[in-house]
Amino acid sequence: MQPSVDQLAPQFLVPGLRFAEGNGGLVKAIVHTDRCDGEIYLHGSHITHFQPHNQLPVLWMSQKSEFAEGKAIRGGVPICFPWFGANAADPTAPGHGYARIRTWNLLATEINDDGDVALTLGITIGNFELTYTATFGRSLGMSLSVTLSDQSSEAVSFEEALHTYLAIEDIHQVVIEGLESAAYIDKVDGMKQKPATDESIRFNGECDRVYLNTTETCTLRDLALARSIQISKTNSLCTVVWNPWINKSAAMPDFGDHEWQSMACIETANTAPLQPTLNPGDSHVMTAVVSLFP
Ligand SMILES: O=P(O)(O)OC[C@H]1O[C@@H](O)[C@H](O)[C@@H](O)[C@@H]1O
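Looking at an unreviewed UniProt entry, one finds the protein chain named Putative glucose-6-phosphate 1-epimerase, with Novipirellula caenicola as its source organism. What UniProt records for the protein chain under Catalytic activity (unreviewed entry) is the sentence "alpha-D-glucose 6-phosphate = beta-D-glucose 6-phosphate".

Here it is as structure tokens:
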């Protein structure tokens with residue numbers, strides 16, 4: 001159940017932050033600091049906007065996105081948890097897990113000495129306690145903490161991703177660097193595991209790859225916009241690169257038929273076969289920082 005704007009404001013307002021009813025009547029926090037504008041919905045703890053001043057938006061959002069309880073927002077940064085993609089044991093379970101389709105609780109807000117605004121949200125999913133801190137400054141910082149309750153009777157594995165949709169000018173004029181030496185699972189070729197290519201990534205068709213055992217920073221060079229977006233990360237062993245191209249985007253009702261040309265996902269993740277396992281009471285923290293270099 002969503003809290004109202006009036007319920008949130010007295011406890012959580014800090015300079016540079018306000019609350020509003022967003023699309024679909026869902027509550028969002030709006031950040032406006034000396035350095036950037038941003039937005040995050042309580043629904044999915046979903047960042048939908050990050051834009052350093054005097055720059056174009058860094059995150060891509062679909063014009064066709066749904067905004068409704070129980071539905072995933074298309075674009076921004078969905079949080080995938082506790083599984084990634086389809087649920088292997090239950091094909092009827094929601095793709096990419098529950099975290100992106102449930103309302104999170106706002107736990108804390110702050111403005112730090114640099115004037116950056118941080119929001120921390122939390123949710124319980126099964127025996128897992130999740131907290132997520134989004135920090136809006138010169139860069140966008142994201143930190144996802146997962147704790148397995150000490151009520152759990154055994155160790156449990158999970159998958160997670162910060163499924164970051166980047167706004168680009170033209171998919172044909174984009175290069176991704178940083179994954180040259182990583183082997184990958186090719187999801188558009190029957191999940192085959194393929195060796196490292198030693199080459200940066202350029203797109204010329206549907207791309208859906210889970211790069212394995214890589215902790216590297218990735219740089220997306222947007223040649224048409226003459227800018228670069230960098231994603232650095234910690235405690236993440238996988239990076240997923242995705243663009244649905246023509247047919248897959250046409251088949252998605254919440255994705256405009258031509259929008260594939262203006263987005264690319266670089267996802268900070270821990271997915272099979274490298275999913276983390278927690279013992280009861282233990283925690284795991286995965287972080288990502290998205291920076292724009294104009
Ligand atoms: O449509 P969804 O559930 O948001 O997923 C979008 C894409 O997300 C990517 O992370 C997956 O690797 C793709 O296989 C998937 O198609």
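The rest of the description comes next.
Points about the overall build of the protein chain
Scanning the protein chain for helices and strands turns up two helices and 21 strands. Rg of the C-alpha trace for the protein chain: 18 Å, near the compact-globule value of 19 Å for 294 residues, within the 12% margin. For the C-alpha atoms alone, the extent of the protein chain along its principal axes is close to 55 × 50 × 35 Å. With 294 residues in all, the protein chain has 54% of them scored as buried. Here the analysis covers contacts within the protein chain between residues at least 6 apart in sequence; of these, 62% occur between residues at least 24 apart. Total accessible area computed for the protein chain in this model is approximately 12700 Å², and 46% of it derives from carbon and sulfur atoms. Taken together, the 18 basic and 34 acidic charged side chains of the protein chain have centroids lying 5 Å from each other.

Points about the site of the ligand
Within the structure, the ligand sits among Arg 74, Phe 84, His 96, Arg 100, His 163, Lys 187, Asp 208, Val 240, Trp 242, Lys 248 and Glu 267. For the ligand, an oxygen atom lies 3.1 Å from a polar atom in the side chain of His 96. Here Glu 267 contributes a side-chain N or O atom positioned 2.7 Å from an oxygen atom of the ligand. Calculation on the ligand without its partners gives an accessible area of 390 Å², and the protein chains cover 84% of this total.

A word on the pattern of salt bridges
Summed over all chains, the structure comprises eight salt bridges. Of the charged contacts in the structure, one is a salt bridge between Asp 189 and Lys 192, with a shortest N-O distance of 3.3 Å. Given the relative accessible area of 27%, Asp 189 is considered partly exposed. Across the salt bridge formed by Lys 194 and Asp 189, the nearest N and O atoms sit 2.7 Å from each other. Classification of Lys 194 as partly exposed rests on a relative accessible area of 21%.

As for the nonpolar core
If you look at the biggest cluster of nonpolar residues, it comprises 72 residues, and the most contacted ones within it are Ile 47, Leu 119, Tyr 132, Phe 136 and Phe 203. One finds Cys 80, Ile 185, Leu 212 and Cys 238 within the second-largest nonpolar core, a separate group that totals nine residues.

Comments concerning the sheet that holds strand β5 (residues 79-80)
Taken in spatial order, the seven strands line up as β5-β11-β19-β18-β15-β13-β14 in an open sheet, and their pairing is antiparallel. Looking at strand neighbours, the two that pair on one side only are β5 and β14 (192-194), the edges of this open sheet. Direction of pairing for strand β11 (residues 160-167) relative to strand β19 (residues 263-270): antiparallel, over a ladder of eight bridges. Within β19, the residue paired with Ala 167 across the bridge is Met 263.

Digging into the sheet that holds strand β6 (residues 105-111)
Ordered in space as β6-β7-β8-β9-β21-β17-β16-β12, the eight strands form an open sheet in which the pairing is antiparallel. One side of each edge strand has no neighbouring strand; the edge strands of this open sheet are β6 and β12 (174-177). Strand-to-strand twist across the sheet, computed as the mean angle between neighbouring axes with direction ignored, equals 15 degrees. Sheet analysis places strand β16 (residues 218-222) next to strand β17 (residues 227-234), joined by five bridges and oriented antiparallel. Opposite Leu 220, over in β17, you have Ile 229 as the bridge partner.

A few points about the pairing of strand β18 (residues 238-243)
The buried count for β18 comes to six of six residues, which makes it a mostly enclosed element. Judged by which residues are buried, β18 turns out to be covered on both faces: Cys 238, Val 240 and Trp 242 on one side and Thr 239, Val 241 and Asn 243 on the other are all buried. The sheet contact formed by strand β15 (residues 207-211) and β18 spans five bridges and is antiparallel. Paired with Cys 207 across the two strands is Asn 243, which belongs to β18. Looking at chain direction, β18 and β19 are connected through five bridges and run antiparallel.

What to know about the environment of Leu 26
By secondary structure assignment, the location of Leu 26 is in the loop between β1 (17-21) and β2 (27-32). Put simply, Leu 26 and Ala 68 are 42 residues apart on the chain and 7.2 Å apart in space, counted from C-alpha to C-alpha.

Quick word on the packing of aromatic side chains
Under the counting rule described, the total for this entry stands at 12 aromatic pairs. Ring geometry for Phe 81 and Phe 158: centres 5.4 Å apart, planes at 50 degrees, overall tilted. Of the two residues, Phe 81 sits in the loop between β5 and β6 while Phe 158 sits in the loop between β10 (156-157) and β11, which places them 77 residues apart along the sequence. Judged by centre distance (5.1 Å) and plane angle (40 degrees), the rings of Tyr 184 and Tyr 211 are tilted. With Tyr 184 in strand β13 (residues 184-186) and Tyr 211 in strand β15, this residue pair connects regions lying 27 residues apart in the sequence. In this pair, the class of Tyr 184 matches that of Tyr 211, namely buried. Three or more aromatic residues joined by ring pairs make a cluster, and in this case those are Trp 60, Tyr 165, Trp 242 and Phe 255. Positioned above the aromatic ring of Tyr 98 is the side chain of Arg 102, whose terminal nitrogen or guanidinium carbon lies 4.3 Å from the ring centre.

Cut-off values and rules
Residues numbered from 1 in each chain as written. Predicted model: local features only at pLDDT ≥ 70, side-chain atom pairs only at ≥ 80, totals over all residues. Heavy atoms only, no water. UniProt positions renumbered as here; feature names shortened; annotations may be inferred. Helix = DSSP H or I, 4+ residues; strand = E, 2+ residues; numbered from the N terminus. Rg over C-alpha atoms; globule rule 2.2 N^0.38 Å. Buried < 20%, exposed > 50% of the residue type's maximum accessible area, 1.4 Å probe, protein only. Contact = heavy atoms within 4.5 Å. Areas by Shrake-Rupley, 256 points an atom, 1.4 Å probe, with all protein chains shown as cover. Lys, Arg positive; Asp, Glu negative; His and termini not counted. Charge placed at Lys NZ, Arg CZ, Asp CG, Glu CD. Near = heavy atom within 4 Å. Polar contact = N/O pair within 3.5 Å; in protein donor to acceptor, adjacent residues only side chain to side chain. Salt bridge = Lys/Arg side-chain N within 4 Å of Asp/Glu carboxyl O. Core = buried A, V, L, I, M, F, W, Y, C linked by side-chain atoms within 4.5 Å. Pairing = 2+ DSSP bridges. Axes fitted to C-alpha atoms, helices over the stretch in contact; angles between N-to-C directions. Phe/Tyr/Trp six-rings, centres within 6.5 Å; stacked < 30°, edge-to-face > 60°. Lys NZ or Arg CZ within 6 Å of the ring centre and 35° of its normal.

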